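Close look at the chain arrangement
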Amino acid sequence: MPDPISWEFAWPYYLAALAFGYLLGSIPFGLIFTRLAGLGDIRNIGSGNIGTTNVLRTGNKLIAAATLLGDGLKGTVAVLVVGHLYGQDLAVVAGLGAFLGHLFPVWLKFKGGKGVATYIGILLGLFWPAGLIFIGIWLGIAILFRMSSLSALTASLATPILLYFVFSQFQLAEMTLLMTVLLWAKHHENIGRLLRGEESRIGFKSKPAPEGDAQTGNGGT
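Residues numbered from 1 in each chain as written. Predicted model: local features only at pLDDT ≥ 70, side-chain atom pairs only at ≥ 80, totals over all residues. Heavy atoms only, no water.

1. Description of the side chain of lysine 74
Put simply, the rule reads: Under the scheme used here, helices are H or I runs from DSSP no shorter than 4 residues and strands are E runs no shorter than 2 residues, and both carry numbers assigned from the N terminus. Counted as a polar contact is a pair of N or O atoms within 3.5 Å, where, for protein atoms, one must be capable of donating a hydrogen and the other of accepting one, and residues adjacent in sequence contribute only when both atoms are in side chains. Working rule for contacts: check all heavy atoms of both residues, and any pair within 4.5 Å makes them a contact.
Relative to the helices and strands, lysine 74 resides in helix H4 (residues 61–86). At a separation of 2.8 Å, a polar atom in the side chain of lysine 74 contacts the main-chain carbonyl oxygen of glycine 25. If we ignore the near neighbours within four places in the chain, the residues touching lysine 74 are Leu24, Gly25, Ile27, Phe29, Ala98, His102 and Thr118.

Set out below in structure tokens:
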């Protein structure tokens, strides 16, 4: 962070980095790709979420893979571009902006995805070992319990702890802690179903969400 003397000169750059990241992060690839593929509005399918898990419910694995890649890359691109131009501090701000953009896109009345793919993309761009560890934890939990939401919650909880105590990446630990809190908040319905033993498992189709309850379903991205 800049010292108090330089802050008056630095804040426009921080604001620009945050805005750049937000605009990239707010691109709703799930919605765009499903419409281009003639699959309709993803918000009216399954859980209503715009992330990869719900896109997969359309049955089109290629579009789901494209959504996963797009949602991840918008986080990676945000941090790499800003990091190349202005350094690590502003790259972190851009990463946070991308995450906020994915969760709360202004174009969709601030109703976005749950942030898993973008979280991973940001990690890979800022500190790739943490990104690979996140993916490894996600896969391990998914194989053991076949629950996307539990995988995401576990991996996101472990990430700031590992960054702080194992890698001594204190700035990234602070940012990912905030991202983890937001990711858990977006998964609050999944957490409730996990506690009740009602969460759907990977490989099993869930029932379409009742009208007016579009944010249910397994953990999206």
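Back to the text.
2. Focus on the environment of threonine 176
In plain terms, the rule: Partly exposed residues are those whose accessible area sits between 20% and 50% of the maximum for their type, while under 20% is buried and over 50% is exposed, using a 1.4 Å probe and protein chains only.
By the element assignment, threonine 176 lies in helix H9 (residues 170–186). The buried category is assigned to threonine 176, whose relative accessible area is 0%. In the structure, threonine 176 is positioned 54 residues away from isoleucine 122 in sequence and 9.6 Å away in space, judged by C-alpha atoms. When neighbours within four sequence positions are excluded, threonine 176 is seen to be in contact with Tyr119, Leu123, Thr159, Pro160 and Leu163.

3. Comments concerning the packing of helix H6 (residues 116–126) against H9
Operational definition: Throughout, an axis means a line fitted to C-alpha atoms (over the contacting stretch in the case of helices), and angles, computed between N-to-C directions, take values from 0 to 180 degrees. Oblique is the label for any angle not covered by the other classes, which are roughly parallel (under 35 degrees), roughly antiparallel (over 145) and roughly perpendicular (65 to 115). Gly is placed with the polar residues, together with every amino acid not listed as nonpolar (Ala, Val, Leu, Ile, Met, Phe, Trp, Tyr, Cys and Pro) or charged (Asp, Glu, Lys and Arg).
Close contact between H6 and H9 brings their axes to 11 Å; oriented N to C, the two are set at 175°. When the axis of H6 is compared with that of H9, the two are roughly antiparallel. Between H6 and H9, the residues in contact are Val116, Tyr119, Ile122, Leu123 and Leu126 and Leu172, Met175, Thr176, Met179, Thr180 and Leu183, respectively. Taken together, the residues that form the contact of H6 with H9 break down as nine nonpolar, two polar and no charged.

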